[in-house]
Amino acid sequence: MTSSSTTRLAITLVLSYAVVYVVKSLLKRDPPRSRSVALVVLGDIGRSPRMMYHAQSFAKHEFETYIIGYAGVKLPTSLLSLPRISILHIGTFPTFLSKLPFILVGPLKVIYQVLALTYTLTSKLQHTPEYIMVQNPPSIPTLAVVWAVSKWKGSKVIIDWHNLGYSILALKLGPKHPLVRIAEWFERKFGRKAFAHLFVTSAMKNLLEREFHLQGKREVLHDRPPESFHRSSAFESHQLFIDLRDDFSPLFSFFPKTEYPASTPFTRLERASSMYGTPQAIPDQETPAYRPDRPALLVSSTSWTADEDFSILLDSLSLYEKKAQHKAASTPENKLPKILMVITGKGPERDAYMKQFGQRQKVEKWEYVRCKSMWLSSENYSILLGSADLGISLHTSSSGVDLPMKVVDMFGCGLPVCALDFPCLDELVKDGVNGLVFRSAEQLSAQLESVLSGFPNSKLLRHLASSLHQESAKTPPAHYPPTHVEEDPSNIWTWTSWEVNWERVVLPLIATHAVLREDQL
């Protein structure tokens, strides 16, 4: 038997086996079980924070909760520890089939996803869920599969609109490409009708109501981080930086003198009496504190894809370097600090951009700026954000109507941002209140200069951070010495957690079977 015949036989057997199971599953029809939900993510579950937050919220309100998606990034303990959550992994596309020509692989992959997702929704769940919540994008084939299963099984569909799938495809192929037009038709056809639609922005809601003529309940659910996100204490930061000592070791000469574990590039052990005049509670007790000679820690998170142009950040840091060298002999309130720019995340453009950062640093002989790429666990990621001084967002929306989750995470950790402007950004970033908005590398460089002048005693930096403190936590960040900042009543801005936002928006949609707290009755 030839290799081509073996391949054809293998494909036939795989598809036949899958079809038999799917048909068998569809013939079994049980009524939906009350207070149960299946959340569908046709992607890595661990890289879908919003859907994980949904799962936690459903489970905490006593819904039997299934999460369906691919295995990958380690899931957080906060999710796995909940008793009503079950993780159901979809099998990945067979490796041996990936070696076939793309003209065959593309259709086969879609067929495989249809069969795998249908089988999971109809056979691997203990019973038919009352609700199926599906993340969009990806749209193909998820929306069609969920629509078909819900029609047969009687589940209510909730579409959580994160973005528009066809707009992402248009970044690669162009807006007029036939496949983009097919994708738009598909998304419009199978995304129009649902029990409920959730949107990450008001702009997205308005656009889809106008263009897709949506049917069903429609609510805006802005992204918010869970309550576990917070401003890191000096102790948490000190321990994190000790854990990251190997990552920081190539930058040893750039940092102030460091002797682990007594000191890190950003923190050091001090006697209690030396911390801004705080009375010494225990004689000779040493506790972590942020060191005044530390570099400013800037953080950006990315998936290193085409919708983020890191050349803007590269050029702005180059301009900052020149300004910092020029101001080296200035008074303390005007001097600019060194910057460690940490960029977290994985993606296709990472190596190319990091190579450019290294080349620019070498050619221009940078003294004040260093860039470091990292991949952190979800727990360490939130501590890093809570330890940083300023966040940077280079997100530009493919659709113009979604918002960067990274900024939400930063705000949840009390971290103000400088964000690249695009339509609907003002639903999240209030220029001059919780961050600054830029449109060019020159603007970003000027903002870095304004925010970091006199660091760590920058009044502007402290003012921006102060807007992110919830009413229940109005104490100033431990990073900066106390300074008086006049509050402008027009700049009062409210920030809530995911839990509060979810209970305000989603809970009323499912309130018939949700467990309400006394204060919600």
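Residues numbered from 1 in each chain as written. Predicted model: local features only at pLDDT ≥ 70, side-chain atom pairs only at ≥ 80, totals over all residues. Heavy atoms only, no water.

Student: Can you help me understand the packing of aromatic side chains in this one?
Tutor: How two aromatic rings sit relative to each other is given by the distance of their centres and the angle of their planes. Inspection of the entire model under this criterion finds 17 aromatic pairs. Residues Tyr131 and Phe195 carry aromatic rings whose centres are separated by 5.7 Å and whose planes lie at 50 degrees to one another, so their mutual orientation is tilted. One end of the pair, Tyr131, is in strand β4 (residues 129–136); the other, Phe195, is in strand β6 (residues 193–199), with 64 residues separating them in the sequence. Pairwise contacts between aromatic rings join Phe58, Phe63, Tyr131, Phe195 and Trp502 into one cluster. (Phe/Tyr/Trp six-rings, centres within 6.5 Å; stacked < 30°, edge-to-face > 60°. Helix = DSSP H or I, 4+ residues; strand = E, 2+ residues; numbered from the N terminus.)

Student: I tried to follow the packing of helix α9 (residues 234–243) against helix α13 (residues 378–387) on my own but got confused; where do I start?
Tutor: Helix-helix packing is characterised by the crossing angle of the two axes and by the distance between the axes. Closest axis-to-axis distance for the α9/α13 pair is 10 Å, and the angle between their directions is 120 degrees. For the element pair α9 / α13, the angle class is oblique. The two elements α9 and α13 cross, and the hand of that crossing is left-handed. Across the interface between the two elements, Glu236, Ser237, Leu240 and Phe241 of α9 pack against Asn380, Ile383, Leu384 and Ser387 of α13. (Axes fitted to C-alpha atoms, helices over the stretch in contact; angles between N-to-C directions. Parallel < 35°, antiparallel > 145°, perpendicular 65-115°, else oblique. Left-handed = near helix turned anticlockwise from the far one by under 90°. Contact = heavy atoms within 4.5 Å.)

Student: For this particular structure, what's the right way to read helix α7 (residues 178–191)?
Tutor: For an α-helix the count is 3.6 residues per turn, leaving residues at separations of three or four pointing the same way. For α7, built from 14 residues, the straight-helix expectation of 20 Å at 1.5 Å per residue is met to within 8% by its first-to-last C-alpha distance of 20 Å. All buried positions along α7 are accounted for by Val180, Ala183, Phe186, Glu187, Phe190 and Gly191. Along the axis of α7, the buried residues cluster in a sector spanning 120 degrees; they form a single face. Of the residues in α7, the exposed ones pointing more than 90 degrees away from the buried face are Pro178, Arg181 and Trp185. Where α7 is buried, its residues touch β4, α5 (142–153), β5 (156–161), α6 (165–173) and β6. (Expected span 1.5 Å × (residues − 1). Buried < 20%, exposed > 50% of the residue type's maximum accessible area, 1.4 Å probe, protein only. Arc of directions from axis to C-beta.)

Student: I tried to follow the sheet that holds strand β10 (residues 296–301) on my own but got confused; where do I start?
Tutor: The strands that make up a sheet pair up through hydrogen bonds in the backbone, lying either parallel or antiparallel. Strand order in the open sheet made by the six strands is β12-β11-β10-β13-β14-β15, with parallel pairing throughout. Edge positions in the open sheet fall to β12 (369–374) and β15 (435–438), since each of these has one partner strand only. If you compare each strand with its neighbour and ignore which way they point, the axes differ by 20 degrees on average. Pairing of strand β11 (residues 339–344) with β12, which is carried by six bridges, proceeds in the parallel orientation. Its bridge partner being in β12, Ile343 is matched across the sheet by Ser373. Here helix α11 (residues 310–326) sits on the sheet in contact with β10, β11, β12, β13 (390–393), β14 (417–420) and β15, set at roughly 170 degrees to β11. (Pairing = 2+ DSSP bridges.)

Student: Looking at this model, I keep getting lost on the pairing of β12. Mind explaining?
Tutor: On any regular strand, side chains alternate: one points to one face of the sheet, the next to the other face. Among the six residues in β12, six count as buried, and that is most of the element. Alternating positions in β12 separate into two faces, Val369, Cys371 and Ser373 on one and Arg370, Lys372 and Met374 on the other, with burial throughout. After leaving β11, the chain enters helix α12 (residues 350–364) and then returns to the sheet as β12, a path that is right-handed. (Right-handed = clockwise from strand over helix to strand, strands pointing away.)

Student: Can you walk me through the environment of Glu503 in this structure?
Tutor: Along the chain, the position of Glu503 falls in helix α17 (residues 498–505). We classify Glu503 as buried; its relative accessible area is 18%. For the pair formed by Glu503 and His61, sequence separation is 442 residues and the distance between their alpha carbons is 9.7 Å. Of note is the side chain of Glu503, whose polar atom sits 3.2 Å from the side chain of His61. (Polar contact = N/O pair within 3.5 Å; in protein donor to acceptor, adjacent residues only side chain to side chain.)

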